[in-house]
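Here is what each chain is made of, one letter per residue.
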Amino acid sequence: MADKYNITKHLGNNAKVMRTVYFTICEGDELDENNGRSHQYYDVLVGKFTPRRATSYLNKQLVGRHVRITRTIIMSQLVSMDFWQFWQYAEASSDPKKESEYILDKKIS
């Protein structure tokens, strides 16, 4: 696992991490193989999905079931989290790297 720099001594800032999250409301039907009838199907997927893409995705995830999505509604929502809570629970994907360095307002790297 990559190192995460310890910046907990700087607590007290009210900074927020914000992100737009996309999710798709899926409506359609599912075939009941026992009696050949279909019934309504409803699900919510994280990301942006057309009916065709949602149908393909769900049938790969729900092995042995036959779902057909006929309508999708793509939604977006801006969500935020306290920076310190984010920092505490976030997992580093790489070690810290130096972006630049200054000495007395002079950039040296």
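As shown above, the structure is provided for reference.
All of these numbers come straight from a predicted model, not from anything done at the bench.

Calculation criteria
Sequence order as written defines the numbering, with residues in each chain counted from 1. Predicted model: local features are reported for residues with pLDDT of at least 70 only, side-chain atom pairs are reported and counted for 80 or more only, and whole-chain, interface and lining totals are derived from all residues. Side-chain measures were taken over the full set of non-hydrogen atoms in the model, leaving aside hydrogen atoms and water. Strand pairing is assigned whenever DSSP identifies at least 2 bridges connecting the two strands. Here a helix means four or more residues in a row that DSSP labels H or I, a strand means two or more in a row labelled E, and each is numbered from the N terminus. For the exposure calls, accessible area comes from a 1.4 Å probe over protein chains only, and a residue counts as buried if that area is under 20% of its type's maximum, exposed if over 50%, partly exposed in between. Throughout, the arc means the angular range of directions from the helix axis out to the C-beta atoms. Contacts are assigned to residue pairs with any non-hydrogen atoms lying within 4.5 Å of each other. Only residues above 30% relative accessible area that lack a salt bridge enter a patch, with like-charged residues linked at up to 9 Å and the nonpolar side chains Val, Leu, Ile, Met, Phe, Trp and Tyr linked at up to 5 Å. Residue exposure ignores everything except the shown protein chains as possible cover, and the areas themselves are Shrake-Rupley values with a 1.4 Å probe. The salt bridge criterion pairs a side-chain nitrogen of Lys or Arg with a carboxyl oxygen of Asp or Glu, the two atoms within 4 Å. In this analysis an axis means a line fitted to C-alpha atoms, helices contributing only their contacting stretch, and an angle means the value between N-to-C directions, from 0 to 180 degrees.

Peer 1: Explain the pairing of strand β1 (residues 16-32) to me, using residue names and the numbers behind them.
Peer 2: Along any regular strand, the residues point their side chains to alternate faces of the sheet. In this sheet, strand β3 (residues 66-82) lies alongside β1 in antiparallel orientation, the contact comprising 16 bridges. The partner of Glu30 across the bridge, within β3, is Val67. Between β1 and strand β2 (residues 37-46), which pair antiparallel in sequence order, lie four residues; one of them, Gly36, sits at a positive phi of approximately 75°.

Peer 1: Outline helix α1 (residues 51-61), supporting the account with residue identities and numerical values.
Peer 2: By the burial criterion, the buried members of α1 are Ala54, Thr55 and Leu58. Angularly, the buried residues of α1 cover 100° about the axis, an arc narrow enough to put them on a single face. Those residues of α1 that are exposed and angled more than 90 degrees off the buried face are Arg52 and Lys60. Buried positions along α1 lie against β1, β2 and β3.

Peer 1: Please provide a residue-by-residue account of a nonpolar patch on the surface, values included.
Peer 2: Among the surface-exposed residues, Val21, Val46 and Val79 lie close enough to one another that they form a single nonpolar patch of about 230 Å² accessible area. Counting through the fold element by element, Val21 comes out in strand β1. Among the residues examined, Val21 registers a relative accessible area of 31% and is labelled partly exposed.

Peer 1: Run through the sheet that holds β2, naming residues and quoting values.
Peer 2: Strand order in the open sheet formed by three strands is β2-β1-β3, and the pairing between neighbours is antiparallel. Either end of the sheet is taken by a strand with one partner, and the two such strands are β2 and β3. Between one strand axis and the next, the sheet turns through 15° on average, direction left out of account. In this fold α1 packs onto β1, β2 and β3, with an angle of close to 95° to the strand it touches most, β3.

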